[in-house]
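Remarks on the overall topology
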Amino acid sequence: MVHSHGVTSGGYPPGVTADGVAPAVGSGTTAPVIHPPRRPEPFPGLTVFGLTECALMMIDENTVISGWSQGAENLLGYRASEVTGHSAVGLLAPERRSDSDTRRLSAESRWRRRISTRKPWTGMTDVRHRDGTRLRVSVEAVPLRGEDGASTWFVSVCAMSGGDSSPGVSASVMRTLLDSAPIALSVWDRDLTCIWLNSSAERSRGPLGNRRIGNNVHEALPGFDTDDVASVMRQVLQDGGPVLDHEFVWSSPDGRQERVFSSSLFRFDAEDGTPLGICTIGVDITKSWARDRLAVLSEAGRRIGTTLDIAKTAQELAEVGCPLLADFVTVELDESVPLSDNSPERAASDDIEGAIFRRLGVTSLHPGVPEAAYARGEEIYVPPSSPMYAVLKSGKSHFEPVLDVAPDGWLSEDPLRAKNVRAFGMHSAMVIPLKARGAVLGIAVFVRTINNTPFTRDDLLLAEELAVRASLNLDNARRYTRERAAALALQRNLLPRRLSGGCALDVASRYLPTDSHEGVGGDWFDVIPLSGARVALVVGDVIGHGINAAASMGRLRTAVHTLADLDFAPDELLAHLDDLAGRLSEEQLGSDGFPTPVIGATCAYAVYDPVTRICTVARAGHPPPALVDPEGRVTFPDIPAGAPIGYGLASYESAEFELPEGSLIAMYTDGLVETRHDDIDVGLHVLASALARPGTELEELCGDVVEATLAQSKFEDDAALLLARTHVLGPDQVMSYDLPDEPMAIRTARSLAVKQLSAWGLGHLCRNVELIISELVTNAVSHATGPVRLRLIRHKSLVCEVYDADSRLPRLRHARVTEESGRGLLMVAELSHRWGCRFTRDGKVTWAEVEIPVRAERSLDGMEETDGMDEVDGVVAFGADGAWDDEDASVAERSA
């Protein structure tokens, strides 16, 4: 309660003399009650901060007291009746060692000067208690304007605890300090309603400008995630632990501006421990150095290491460093770091003092990078006295805020670099090592030219952090490059060097390894010659990437060759391959004793017979081949897909197609037609459009197909393409004879073969062929069941085939000296280039292939015939007279 009294004629409170001495207190009248100006109380629980009841008074613009509270009486000892109507200057204590009148005049002038500004003010001064003691108090004055325009001041006076004798700071001073602090302070009650703001918080504009006493957190902080703010505040209220430097983000209503505030929150409690509320401190850190550093590192994380290409990663580091940190940045790697799959070997440096780098990254604020003494990609020699050499050897950063350009410095050994340093005003530099896994890969050089501010230690820390991040990416790229080079070398050695489809097919192929992060895949293709002038086409794709995939591809390719040599049908071959892959996976145990991942693959296998024009195809989870007729119509035949290889689900089916001569068979892997963004049908349509070009040379067509599909798929995976154009063996190249199932068939077969060889101009092969056919037909007549059929095929070699209805395979054996039989197949193997046996639907075919000498091939068109004796494959062949006697047989047998 504040009392008011009329103004009297006296200048000072009653009982206060000119010398400031206060006699005994007299009686006075009770003043009417008046209300103080409406100013919010600081907040409930003020005593938490040690604040007690203060002296409140009303003073007019002439410093005359017009109101006096009970707290003022308790603090200073004067009753309201004794001070109202008197000047407040009389309450001031005299200054030590000075004239009291002079003191009063100077104090009164200071008060009047402050009052004339009509602005709130705070301060500390000494006042006189009624009993004559001196009190040190904190004063806070707030101007009020009445209806008549006159100014009245509401003054709060609080004593410092302990008076002059106490070294502590009073609660009132602490409140003054908090209120005048340059940091925005606000207090919230348990309902998260704002109940107090200091002066800095009240003056806040922008994101924090809506904080008002009485507003809850959602009303006071628009633009913030107030749910997040409220959650943090409730957490502090609940557990009592402070939250320091918590970042809250403010966004403008249009979303174009963003500010970041660092806030600290702590709870204040009553004496009994009951939570009273929360005090928050907010600081705008949008443009702070720490935040700028985090922004640079965040930018580096996004821009450095986007690929596993070493050169590109180095350039990305240079582009991040300029202009965020420096005006000119170069990145140089040691010569030993491989840059690509076929990097040049390391230069011999035994006789070289210094170091050799290769510049892979460079950028500058100047267009065209004129200050670079060496271009990107060039080798750079640095002398042993240079900081670059020292950093490479020591692995420690070189910090030179003021660059040494003295004539006798290290730059004297590098004239070209010294010229550019002086020409472009390079005045501050840092050389940072690029280290990963204990090795120094290279260096990054940061230089300032346009920015006149030298580098600081903070800049050095930031550059080192950038280098650490870039080094890890460079090392990953280096390791990837090394593994990719090994995988490519392995794959190139495992893929066929030369493909030949014989007289049945013209072939062309393309293989394109991907440049993706996963590394080289396990795609492969092959063309395998089979018996009877047939040819097998194979395309496969091992699941996975890297060296393991390339090695698995090599194993599966070898297995396909072996199975194809056994002349399995396409569906049977895939079933055997699936079983083999499963057993290989079971044999490989990891370090933990468990099997390694399954060797999985997709595969398509086709066999083309140029005699019948039949193409037989089976596939294991692989895309179907494309068939193109001579008019350019493209079809993707419906072939049962089957399960991928290696999963033990061996259930495959073959499909047969009769192809006209000049048809095109296109086999490929999914990398040619599949992408992550488009359906496979899109890729198949592009492939079909590219293949529909009848009459185009295969090599040219291969290039066109790759170019067309590349524009659509970008080859996100390895891609393999195998094209084959069919040929047909005419009736003049194939002869077939049905033989009786009796011993006379042997002589008949010999006679027919000799006659046909003579017609083909291959008379010089008659004796050897007679012996081969004699043994094959003898086996069919003696050990198998009829019917028996002989077929002769002439293409790049001569093929002799004998068909029978028995499913038992002939077996090559070594007869003893005393045995009269058992040498027939041994002689066939000796006289032929190769021989074998394959099953058919009705039995089997035993065949032998005899090479046609180049001389004979050249004379086929003229049907020239060689008489006399020749030696073919180490066996004496006699002139063809159509006869076969015991002497001839014994000579041939001895030769074998």
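What you are looking at is a predicted structure, and each value in this text was computed from that prediction instead of being measured.

Parameters at a glance
- Residues numbered from 1 in each chain as written.
- Predicted model: local features only at pLDDT ≥ 70, side-chain atom pairs only at ≥ 80, totals over all residues.
- Heavy atoms only, no water.
- Helix = DSSP H or I, 4+ residues; strand = E, 2+ residues; numbered from the N terminus.
- Contact = heavy atoms within 4.5 Å.
- Areas by Shrake-Rupley, 256 points an atom, 1.4 Å probe, with all protein chains shown as cover.
- Pairing = 2+ DSSP bridges.
- Axes fitted to C-alpha atoms, helices over the stretch in contact; angles between N-to-C directions.
- Buried < 20%, exposed > 50% of the residue type's maximum accessible area, 1.4 Å probe, protein only.
- Left-handed = near helix turned anticlockwise from the far one by under 90°.
- Nonpolar A, V, L, I, M, F, W, Y, C, P; charged D, E, K, R; others polar.
- Polar contact = N/O pair within 3.5 Å; in protein donor to acceptor, adjacent residues only side chain to side chain.
- Salt bridge = Lys/Arg side-chain N within 4 Å of Asp/Glu carboxyl O.
- Phe/Tyr/Trp six-rings, centres within 6.5 Å; stacked < 30°, edge-to-face > 60°.
- Lys NZ or Arg CZ within 6 Å of the ring centre and 35° of its normal.
- pLDDT = per-residue confidence, 0-100.
- Patch = residues over 30% accessible without salt bridge, like charges linked within 9 Å, V, L, I, M, F, W, Y side chains within 5 Å.
- Core = buried A, V, L, I, M, F, W, Y, C linked by side-chain atoms within 4.5 Å.
- Expected span 1.5 Å × (residues − 1).
- Lys, Arg positive; Asp, Glu negative; His and termini not counted.
- Charge placed at Lys NZ, Arg CZ, Asp CG, Glu CD.
- Parallel < 35°, antiparallel > 145°, perpendicular 65-115°, else oblique.

Turning our attention to the overall build of the chain. If you tally the helices and strands in the chain, you get 21 helices and 35 strands. Taking all contacts inside the chain whose residues are at least 6 apart in sequence as the whole, residues at least 24 apart take part in 64%. For the chain, the exposed area adds up to about 43000 Å²; of that, 51% sits on carbon and sulfur atoms.

The strand order β19-β28-β27-β24-β25 describes an open sheet built from five strands, whose pairing is antiparallel. Edge positions in the sheet fall to β19 (505-512) and β25 (634-635), since each of these pairs with one other strand and no more. Of the strand pairs in this sheet, strand β24 (residues 626-628) and β25 are connected by two bridges, and their pairing is antiparallel. Paired with L627 across the strands is T635, a residue of β25. Contacts from helix α15 (residues 680-691) reach β24, β25, β27 (664-668) and β28 (719-726), with the element oriented near 145° to β27.

What follows concerns the side chain of T846. Within the element layout of this structure, T846 appears in strand β33 (residues 844-851). Overall, T846 belongs to the buried group, its relative accessible area being 7%. Setting aside anything within four residues of it in sequence, one finds T846 in contact with L776, C800, E801, V802, P810, W835, G836 and C837.

What follows covers the packing of helix α18 (residues 766-783) against helix α19 (residues 824-831). Two elements in contact, α18 and α19, have axes separated by 9 Å at closest approach and are oriented at 145°. Seen along the crossing, α18 lies across α19 with a hand that is left-handed. For the pair α18 and α19, contact is made by N768, L771, I772, E775, L776 and N779 and by G824, L825, M827, V828 and L831, respectively. Within the contact of α18 with α19, the residues separate by chemical class into seven nonpolar, three polar and one charged.

With that settled, consider the environment of S264. Mapped onto the elements, S264 comes out in strand β11 (residues 258-269). Measuring from C-alpha to C-alpha, the distance between S264 and L185 comes to 10.0 Å, with 79 residues separating the pair along the chain. Leave out the neighbours within four places in its chain, and S264 touches V243, L244, D245, C279, T280 and I281. Of the polar contacts made by the side chain of S264, one reaches the backbone nitrogen of D245; its length is 3.3 Å.

A word on the pattern of salt bridges. Within this structure, the stated rule accounts for 28 salt bridges. Residue R557 is joined to D526 by a salt bridge in which the shortest nitrogen-to-oxygen separation is 2.7 Å. Note that R557 is positioned in helix α13 (residues 547-565) and D526 in strand β20 (residues 521-529), a separation of 31 residues in sequence. The pair R557 / D526 is uniform in exposure class, with both members buried.

Among the secondary structure elements, C279 is positioned in strand β12 (residues 275-284). Its relative accessible area of 6% is what places C279 among the buried residues. Spatially, the C-alpha atom of C279 lies 6.4 Å from that of W188, the residues being 91 residues apart in sequence. Dropping the residues within four chain positions of it, C279 is found in contact with S186, V187, S264, L265, F266 and F268.

We now examine the packing of aromatic side chains. Within the structure shown, the criterion is met by one aromatic pair. Above the ring of Y803, the side-chain terminus of R789 is found at 4.0 Å from the ring centroid.

Okay, the confidence of the model for the chain next. Averaged over all residues, the pLDDT of the chain equals 79, while 78% of them reach at least 70. This model gives residues 162-168 a pLDDT under 50, and the stretch forms six contacts once residues within four places in sequence are excluded. The low-confidence segment residues 856-896 (pLDDT under 50) makes 65 contacts with residues lying over four places distant or belonging to another chain.

The subject of this paragraph is a nonpolar patch on the surface. Taken together, the side chains of I543, Y647 and L649 make up a nonpolar region of the molecular surface, amounting to roughly 320 Å² of accessible area. For Y647, a relative accessible area of 43% gives the class partly exposed.

Our focus in this paragraph is the pairing of β20. Burial within β20 is extensive, with eight of its nine residues counted as buried. Two strands pair when backbone bridges link them, and β20 and strand β21 (residues 535-545) are joined in this way by nine bridges, in the antiparallel orientation. Counterpart to D523 in the pairing with β21 is D541. Counting the residues between successive antiparallel strands, the hairpin from β20 to β21 contains five residues, one of them, G532, with a positive phi of roughly 70°.

Let's shift gears to the environment of W188. The residue W188 is located in strand β8 (residues 184-189) in this model. Judged by relative accessible area, which is 2%, W188 ranks as buried. Between the alpha carbons of W188 and V217 there is a distance of 8.6 Å; along the sequence they are 29 residues apart. A distance of 3.2 Å separates a polar atom in the side chain of W188 from a polar atom in the side chain of T280.

Right, let's talk about the nonpolar core for a bit. If you look at the biggest cluster of nonpolar residues, it comprises 51 residues, and the most contacted ones within it are W524, L537, L574, Y605 and I645. When neighbours within four sequence positions are excluded, I645 is seen to be in contact with L574, L577, D578, A581, I599, G600, A601, C603, A620 and Y652. With 34 residues, the next largest nonpolar core counts A300, A314, L466 and A467 among its residues.

The next point concerns α13. Helix length check: α13, at 19 residues, gives a terminal C-alpha distance of 27 Å against a target of 27 Å (1.5 Å per residue), a fit within 8%. Taken together, the buried positions of α13 are occupied by A549, A550, S552, M553, G554, L556, R557, A559, V560, L563 and A564. Immediately downstream of α13, the backbone of D567 shows phi near 60°, a positive value.

Right, let's get into the sheet that holds strand β16 (residues 398-400). Adjacent strands of a sheet form backbone hydrogen bonds with each other and so pair up, either parallel or antiparallel. Strand order in the open sheet formed by six strands is β15-β14-β13-β18-β17-β16, and the pairing between neighbours is antiparallel. Lying at the two open borders of the sheet, with one neighbouring strand each, are β15 (379-382) and β16. Adjacent strand axes in the sheet meet at a mean angle of 30° when their direction is disregarded. Note that strand β14 (residues 355-364) and β15 share four bridges and pair antiparallel. The partner of I356 across the bridge, within β15, is Y381. Against the sheet, helix α12 (residues 457-494) contacts β13 (328-334), β16, β17 (428-436) and β18 (439-448), and its axis sits at roughly 35° relative to β17.

On to a negative patch on the surface, then. On the surface, a cluster of negative charge is contributed by E674, D678, D679 and D681. Residue D681 is classed as exposed on the basis of its relative accessible area, which comes to 52%.

Next up on the list: the packing of α12 against α13. Between α12 and α13, the least distance of the axes is 9 Å, while the angle of their chain directions is 10°. Taken together, the axes of α12 and α13 are roughly parallel relative to one another. Contacts between α12 and α13 pair E483, A486, A487, L490, Q491 and L494 from the former with I547, A550, A551, M553, G554 and R557 from the latter. Its residues assigned to classes, the contact of α12 with α13 shows eight nonpolar, two polar and two charged.

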